[in-house]
Amino acid sequence: MNDWILHKNINVSSIKNKIEKIIKKTKPVSLEDLDLISTRGAKSKQYVITKFKDDFKDVQKKVIKEIQKYVFKNEDLKLQSAWTVKGYENGYHLAHNHSEHKVATVLYLDVPKKTIHNPGYFYYFIQENGKIKYNTIEPKKGSLIIMPVHIFHGCYPQAKGLRQTLNMDFGV
């Protein structure tokens with residue numbers, strides 16, 4: 001079976017407000033943990049919000065519904081981990097994958113205006129017909145990217161402004 005990646009769009013206006021309320025209840029991941037996370041950038045912050053999953057069940061249901069339209073149609077998916085990342089000018093993500101669970105999602109809550117030198121594209125590598133292929137997605141506010149957890153991906157440095165994602169990994 002070939003690797004796959006899906007790119008859909010959903011309305012995030014109510015989701016962003018919920019996530020903002022949640023991150024006020026927690027602290028960002030310590031810079032000492034940088035070897036454990038892909039987030040980079042002087043002002044970038046990552047917040048683990050899994051323990052607040054009951055506060056955004058409707059968001060999870062919306063994302064699960066999108067996943068089940070295309071893959072894992074008969075599977076009972078459960079949120080295993082969730083975090084949000086706030087990136088600022090020149091923030092980026094190293095190429096990485098998520099080694100646990102079944103499916104990974106990246107939902108863009110905010111995206112800065114792209115520039116030639118800082119497009120902020122999401123990039124990924126998939127195996128297709130025995131070859132590794134590289135591709136990019138230009139994220140927009142509301143972009144939902146769905147992929148198996150083993151897919152290596154990252155994000156190029158961004159322009160001035162806020163890029164915020166809600167990342168959720170699901171298991172069966």
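Cut-offs applied
Just so you know, the residues in each chain are numbered from 1, in the order the chain's sequence is written. Only residues with pLDDT of at least 70 are given local features in this predicted model, and only at 80 or more are side-chain atom pairs given and counted; all residues enter the totals for whole chains, interfaces and linings. Computation of side-chain values covers all heavy atoms of the structure but excludes hydrogens and water. Strands qualify as paired when DSSP identifies two bridges or more between them. Under the DSSP-based scheme used, a helix requires at least four consecutive residues in state H or I and a strand at least two consecutive residues in state E, with every element numbered from the N terminus. Angles run from 0 to 180 degrees between N-to-C directions of axes, and those axes are lines fitted to C-alpha atoms, restricted for helices to the stretch in contact. The working definition used for a salt bridge is a side-chain nitrogen of Lys or Arg within 4 Å of a carboxyl oxygen of Asp or Glu. For the exposure calls, accessible area comes from a 1.4 Å probe over protein chains only, and a residue counts as buried if that area is under 20% of its type's maximum, exposed if over 50%, partly exposed in between. Nonpolar cores are built from buried Ala, Val, Leu, Ile, Met, Phe, Trp, Tyr and Cys residues. Side-chain atoms within 4.5 Å join them into one set. Working rule for contacts: check all heavy atoms of both residues, and any pair within 4.5 Å makes them a contact. Each residue gets a pLDDT score, which is the predictor's confidence in that residue and runs from 0 to 100. Patches in this entry comprise residues that are over 30% relatively accessible and not in a salt bridge; like charges within 9 Å are linked, as are nonpolar side chains (Val, Leu, Ile, Met, Phe, Trp, Tyr) within 5 Å. Note on areas: Shrake-Rupley, 1.4 Å probe, and residue coverage restricted to the protein chains presented here.

### Things to note about the sheet that holds strand β6 (residues 103-110)
An order of β1-β9-β6-β11-β4-β3 is seen for the six strands of this open sheet, with the pairing classed as antiparallel. Bordering the open sheet on either side are β1 (6-9) and β3 (45-48), each of which pairs with just one other strand. Along the sheet, successive strands turn relative to each other by an average axial angle of 20°, direction set aside. Where β6 meets strand β11 (residues 163-171), seven bridges bridge the pair, whose relative direction is antiparallel. Within β11, the residue paired with Val106 across the bridge is Asn167.

### Observations concerning the pattern of salt bridges
Taken as a whole, this structure holds eleven salt bridges when the rule is applied. With its nearest N and O atoms 3.0 Å apart, the salt bridge here joins Glu20 to Lys86. Residue Glu20 is located in helix α1 (residues 13-23), and its partner Lys86 is located in strand β4 (residues 78-87); the two are separated by 66 residues in the primary sequence. For the pair formed by Glu20 and Lys86, the shared burial category is buried. With a closest N to O distance of 2.9 Å, Asp55 and Lys25 form a salt bridge. One end of the pair, Asp55, is in the loop between β3 and α2 (57-70); the other, Lys25, is in the loop between α1 and β2 (39-40), and 30 residues separate them in sequence. The class for Asp55 is partly exposed, based on a relative accessible area of 35%.

### Digging into the nonpolar core
Side chains of nonpolar character tend, in soluble globular proteins, to be buried together. Ile15, Ile19, Ile49, Phe56, Leu166, Met168 and Phe170 are the most contacted members of the largest nonpolar core, which has 28 residues in total. Of all the secondary-structure elements, those providing two or more residues to this core are α1, α2, β4, β6, β9 (143-148) and β11. Sequence-distant contacts of Ile15, defined by excluding residues within four places in its chain, comprise Ile10, Val59, Lys62, Leu107, Leu109 and Leu166. Ala104, Tyr108, Met147 and Ile151 belong to the second-largest nonpolar core, a separate cluster that totals 13 residues.

### Regarding the confidence of the model for the protein
Segments scoring low in pLDDT should not have their predicted coordinates read at a detailed level. Of all residues in the protein, 96% attain a pLDDT of 70 or more, and the chain-wide mean is 91. Looking over the protein, one finds the lowest element-wise mean pLDDT in β2, namely 86, and the highest in β9, namely 97.

### Let's talk about a nonpolar patch on the surface
Together, Phe125, Ile132, Tyr134, Phe152 and Tyr156 make up a nonpolar patch on the protein surface, roughly 490 Å² of accessible area in all. Within the fold, Ile132 resides in strand β8 (residues 131-137).

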